[in-house]
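Chains, contacts and geometry: an overview
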Amino acid sequence: MQVRIFNDHQTLSDAVASEIIFLLKSKPGAVICFASGETPRLTCRLLVEKIKQEKTNLSRCTFIGLDEWVSIPPENEGSCHFFFQHELIEPLGIPLKQFHLFNAMSANLQEECKKMDKLIAEKEGIDIIVVGIGMNGHIGFNEPGVSFENYSHIIDLDETTRTVGQKYFKTPQVLQKGITLGLKHLLEAKKAILMANGSRKAGVIKRTVEENVSNNFPASIMQAHVNGYVMIDKDAASLLDQKK
Ligand code: PGA
């Protein structure tokens, strides 16, 4: 794992967007997994700009959404579906057959997990996975205590996630379960980038980088990734012992 520190959210987001452009150019059939949330929003916007400017070929790539709130419909502005629809699918005009999101309204969520795992296996894995970090150290909805061996699964949300998650919604929501790719997917991805910005994330970034790897703090798994990058701005790096 390497830590890369940027001056601000803009330069951080620009660097992550450039990584994805580089991948798409070198491997047009790449499989890209993206998180939703406040952290990657700017990356998505810069990625859309760059793809349009450079006329990057998107005809063969595959996008995957990292997770979704169970029972929150896609038209709800706080859903991950809504984020991807407005930040990537519509602006880029990506055909839906190339963009794979969990259907968290499905009566058979296990089947959704199986479908996602099968897709990733058939595509021979994820080329790049871009994730954020929650205030409890979660990645996607891999909450504290989760097994590092999990592929896609349904999980009871941690109290922190239920509370912090309200920020995405206009009205208070009952957030009980999530459906998410597993940390095994992250470990097996050819490249993993964990992004964070702002001093609010400084404490969880310190734990990610400096604590022993443990499923009590899921983001610490980044240390075990052979091609893992913790890409953060100065504020998120402010508590690190070594500010490389
Ligand atoms: P955020 O979410 O990017 O909105 O801070 C991060 C997360 O909970 O994974």
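Residues numbered from 1 in each chain as written. Predicted model: local features only at pLDDT ≥ 70, side-chain atom pairs only at ≥ 80, totals over all residues. Heavy atoms only, no water.

1. Some words on the sheet that holds strand β3 (residues 62–65)
Ordered in space as β1-β10-β9-β6-β2-β3-β5, the seven strands form an open sheet in which the pairing is parallel. Unpaired on one side and paired on the other, β1 (2–6) and β5 (99–100) mark the two borders of the sheet. The sheet contact formed by strand β9 (residues 191–196) and strand β10 (residues 228–233) spans five bridges and is parallel. Looking across to β10, one finds that Ala196 is bridged to Ile232. Across the sheet, helix α1 (residues 9–26) is in contact with β1, β2 (31–34), β6 (128–131), β9 and β10; its angle to β9 comes to roughly 160°. (Pairing = 2+ DSSP bridges. Helix = DSSP H or I, 4+ residues; strand = E, 2+ residues; numbered from the N terminus. Contact = heavy atoms within 4.5 Å. Axes fitted to C-alpha atoms, helices over the stretch in contact; angles between N-to-C directions.)

2. Considering the site of the ligand
Lining the immediate environment of the ligand, one finds Gly37, Glu38, Thr39, Gly132, Ile133, Gly134, His138, Lys167, Tyr168, Arg200 and Lys201. Note that an oxygen atom of the ligand is positioned 3.5 Å from one of the side-chain N or O atoms of Arg200. Here an oxygen atom of the ligand sits 2.8 Å away from a polar atom, N or O, in the side chain of Lys201. In the complex, the protein chains occlude 88% of the 280 Å² of accessible area that the ligand would expose alone. (Near = heavy atom within 4 Å. Polar contact = N/O pair within 3.5 Å; in protein donor to acceptor, adjacent residues only side chain to side chain. Areas by Shrake-Rupley, 256 points an atom, 1.4 Å probe, with all protein chains shown as cover.)

3. Observations concerning the pattern of salt bridges
Summed over the entire model, instances satisfying the criterion amount to 16 salt bridges. Between Lys191 and Glu19 there is a salt bridge whose closest N-O contact spans 2.7 Å. Pair noted here: Lys191 is in strand β9 and Glu19 is in helix α1, with a separation of 172 residues, a long-range link. Judged by its relative accessible area of 18%, Lys191 is buried. Overall, Glu19 belongs to the buried group, its relative accessible area being 17%. One salt bridge in this structure joins Lys27 and Asp127, with 2.7 Å as the shortest N-O distance. Note that Lys27 is positioned in the loop between α1 and β2 and Asp127 in the loop between α4 (109–122) and β6, a separation of 100 residues in sequence. Classification of Lys27 by relative accessible area gives partly exposed; the value is 34%. The structure contains a network of salt bridges with shared partners spanning Arg4, Glu19 and Lys191. (Salt bridge = Lys/Arg side-chain N within 4 Å of Asp/Glu carboxyl O. Buried < 20%, exposed > 50% of the residue type's maximum accessible area, 1.4 Å probe, protein only.)

4. Quick word on the environment of His138
Note that His138 resides in the loop between β6 and β7 (153–156). In this structure the side chain of His138 is engaged in a polar contact, spanning 3.5 Å, whose partner is the backbone oxygen of Gly140.

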